[in-house]
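Survey of secondary and tertiary structure
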Amino acid sequence: MTTNKDTLPPADSHKGDPDYMQSLARGLQVITAFSDRRRPLRAAEIALKTGLARAVVQRCLYTLQALGYAEQEGAFWKLRPAILQLGHAYFSSTSIVSLAQPILDDLSDRVGETCALALLDGDEILYLARAQRQRVLTVSLGLGSRLPAHCTSIGRMMLSQLPPSRLDAYLELAPFKIMTQYTAHTREALLRELKQVQEKDYSLIKEELELGLTAIGVPVRSASGRVVAGMSISIKDWQDSEEQLIQRCLPELRSSARQLGLMLPA
């Protein structure tokens, strides 16, 4: 896990390793510099964000442009749609994505709510599949989208499954961003929540990520019992009690997560 959620390890972190391609590492750092920006960037901004020399950034951008992955508009640079091919290669090669989608679609039809599959990646969750009945967040989420782990149902559930050493590393480095006035954003508060998640084997998040949003998440376990991902149901403006939500959604969610888990390699 890195100290910055949006960057890769420094490009020279494996200096001296004869099999390590530093130029590739630098190019990937330049690409990830765009990950949290919804506007074109100047080369100087990318250099500041990545810690790379501006001349190095310029060469990376030129190469990305020559390959069709980036384009320049005056002093600004932006990624082109072709960059999606890189993400598509991952999703196409990962069986869990193709297996999960029909299960999520069926679950969404049964409960009438938005359902998703995600995994823990650093201090965030990465969405792998989604069945959306209605827009539950003000921001649009698609495959490859990320959200903070500490205030999402899947994220908190998966954090509860980490071995002590990895959880300590996460608690030491993760930025506990305050999303709403209800967000558990301290080490002590999060540890209390994670203990409850471990005991119940599900996570219920109410208005911690966004006001009006409630979500429940469970682990997806392979046939051997290994937690490989998380599955959730998200509901906008739930008016009844938490007990009623659990009674309505949790059995269906667990059934779908179990169905997917049995299809995965042990």
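Scroll up for the structure.
The structure displayed is predicted, hence computed values, not measured ones.

Before going further, it helps to spend a moment on the packing of aromatic side chains. For the coordinates displayed, the defined rule picks out 1 aromatic pair. Geometrically, the ring pair formed by Tyr170 and Phe176 is tilted, given 5.8 Å between the ring centres and 55° between the ring planes. On the basis of relative accessibility, which here comes to 1%, the residue Tyr170 falls in the buried class. Taking the ring centre of Tyr127 as reference, the NZ or CZ of Arg130 above it sits at 5.7 Å.

Here we take up the environment of Thr32. Of note, Thr32 is situated in helix 1 (residues 22-32). Placed 18 residues apart in sequence, Thr32 and Thr50 show a C-alpha to C-alpha distance of 8.7 Å. Here the side chain of Thr32 touches Gln29 through a polar contact of 2.9 Å, landing on its backbone oxygen.

Once that is clear, we can look at the pairing of strand 5 (residues 124-131). Burial runs high along strand 5: 8 of the 8 residues are buried. Inspection of the sheet shows strand 4 (residues 114-121) paired to strand 5 by 7 bridges, in the antiparallel sense. Each bridged residue has a counterpart across the sheet, and for Ala116 the counterpart in strand 5 is Arg130. Linkage of strand 4 to strand 5, two consecutive antiparallel strands, is achieved through a turn of 2 residues, within which Gly122 is found at a positive phi near 70°. One ladder, built from 3 bridges, connects strand 5 with strand 6 (residues 146-148); its direction is antiparallel.

With that settled, consider the packing of helix 1 against helix 3 (residues 54-66). Between helix 1 and helix 3, the shortest axis-to-axis distance is 9 Å and the interhelical angle comes to 80°. Here helix 1 is positioned roughly perpendicular relative to helix 3, judged by the angle of their axes. The segment helix 1 lies against helix 3, with Arg26, Gly27, Val30 and Ile31 engaging Val56, Val57, Cys60, Leu61 and Leu64. Across the contact of helix 1 with helix 3, the residue classes break down as 7 nonpolar, 1 polar and 1 charged.

Quick look at helix 9 (residues 242-263) now. Structural remark: α-helix, 3.6 residues per turn; residues separated by three or four positions point the same way. When the terminal C-alpha atoms of helix 9 are compared, their 31 Å separation across 22 residues agrees well with the 32 Å that a helix rising 1.5 Å per residue should span. At Cys249, helix 9 is bent by approximately 35°, the largest bend along its length, and proline Pro251 sits one to four residues beyond. Residues of helix 9 that are buried: Leu245, Ile246, Cys249, Leu250, Leu253, Ser256, Ala257, Leu260 and Gly261. The inward-facing, buried residues of helix 9 abut helix 5 (95-111), strand 4, strand 7 (203-206), strand 8 (213-221) and strand 9 (227-236).

With that settled, consider the nonpolar core. Across soluble globular proteins, you tend to see nonpolar side chains buried next to one another. Ranked by size, the top nonpolar core spans 33 residues in total, and within it Ile96, Leu117, Ile216, Val220, Met231, Ile233 and Leu260 carry the most contacts. When residues of this core are traced back to their parent elements, those giving at least two are helix 5, strand 4, strand 5, strand 8, strand 9 and helix 9. What Val220 contacts, discounting residues up to four positions off in sequence, is Leu117, Arg226, Val227, Val228, Ala229, Gly230, Met231, Ala257, Leu260, Gly261 and Leu264. Counting residues in hydrophobic clusters, the runner-up holds 23 residues, among them Ala118, Tyr127, Met158 and Phe176.

As a further point, take helix 7 (residues 164-173). Of the residues making up helix 7, those classed as buried are Leu167, Tyr170 and Leu171. Buried residues of helix 7, seen end-on, are gathered within an arc of 95° and therefore sit on one face of the element. Seen from the open side of helix 7, the exposed residues pointing more than 90 degrees away from its buried face are Ser165, Arg166 and Glu172.

A sheet is described by the order of its strands in space; here 3 strands give the open sequence 1-3-2, paired in antiparallel fashion. The open sheet is flanked by strand 1 (41-42) and strand 2 (70-73), the only strands paired with a single partner. Of the pairings in the sheet, the one linking strand 2 to strand 3 (residues 76-79) comprises 4 bridges and is antiparallel in character. Its bridge partner being in strand 3, Glu71 is matched across the sheet by Lys78.

Here we take up the pattern of salt bridges. In total, this model carries 14 salt bridges according to the counting rule given. As a salt-bridge pair, Lys78 and Glu73 come within 3.0 Å of each other at their nearest N and O atoms. Its relative accessible area of 41% is what places Glu73 among the partly exposed residues. Measuring nitrogen to oxygen at the nearest pair gives 3.4 Å for the salt bridge that ties Lys236 to Glu210. Of this pair, Lys236 sits in strand 9 while Glu210 sits in the loop between strand 7 and strand 8, and the two are 26 residues apart along the sequence. Overall, the relative accessible area of 24% leaves Lys236 in the partly exposed class. Within the structure, one salt-bridge network assembled from shared partners comprises Glu71, Glu73, Lys78 and Arg80.

Cut-offs used in this document
- Residues numbered from 1 in each chain as written.
- Predicted model: local features only at pLDDT ≥ 70, side-chain atom pairs only at ≥ 80, totals over all residues.
- Heavy atoms only, no water.
- Phe/Tyr/Trp six-rings, centres within 6.5 Å; stacked < 30°, edge-to-face > 60°.
- Buried < 20%, exposed > 50% of the residue type's maximum accessible area, 1.4 Å probe, protein only.
- Lys NZ or Arg CZ within 6 Å of the ring centre and 35° of its normal.
- Helix = DSSP H or I, 4+ residues; strand = E, 2+ residues; numbered from the N terminus.
- Polar contact = N/O pair within 3.5 Å; in protein donor to acceptor, adjacent residues only side chain to side chain.
- Pairing = 2+ DSSP bridges.
- Axes fitted to C-alpha atoms, helices over the stretch in contact; angles between N-to-C directions.
- Parallel < 35°, antiparallel > 145°, perpendicular 65-115°, else oblique.
- Contact = heavy atoms within 4.5 Å.
- Nonpolar A, V, L, I, M, F, W, Y, C, P; charged D, E, K, R; others polar.
- Expected span 1.5 Å × (residues − 1).
- Bend = angle between axes of the 7 residues up to and from the residue.
- Core = buried A, V, L, I, M, F, W, Y, C linked by side-chain atoms within 4.5 Å.
- Arc of directions from axis to C-beta.
- Salt bridge = Lys/Arg side-chain N within 4 Å of Asp/Glu carboxyl O.

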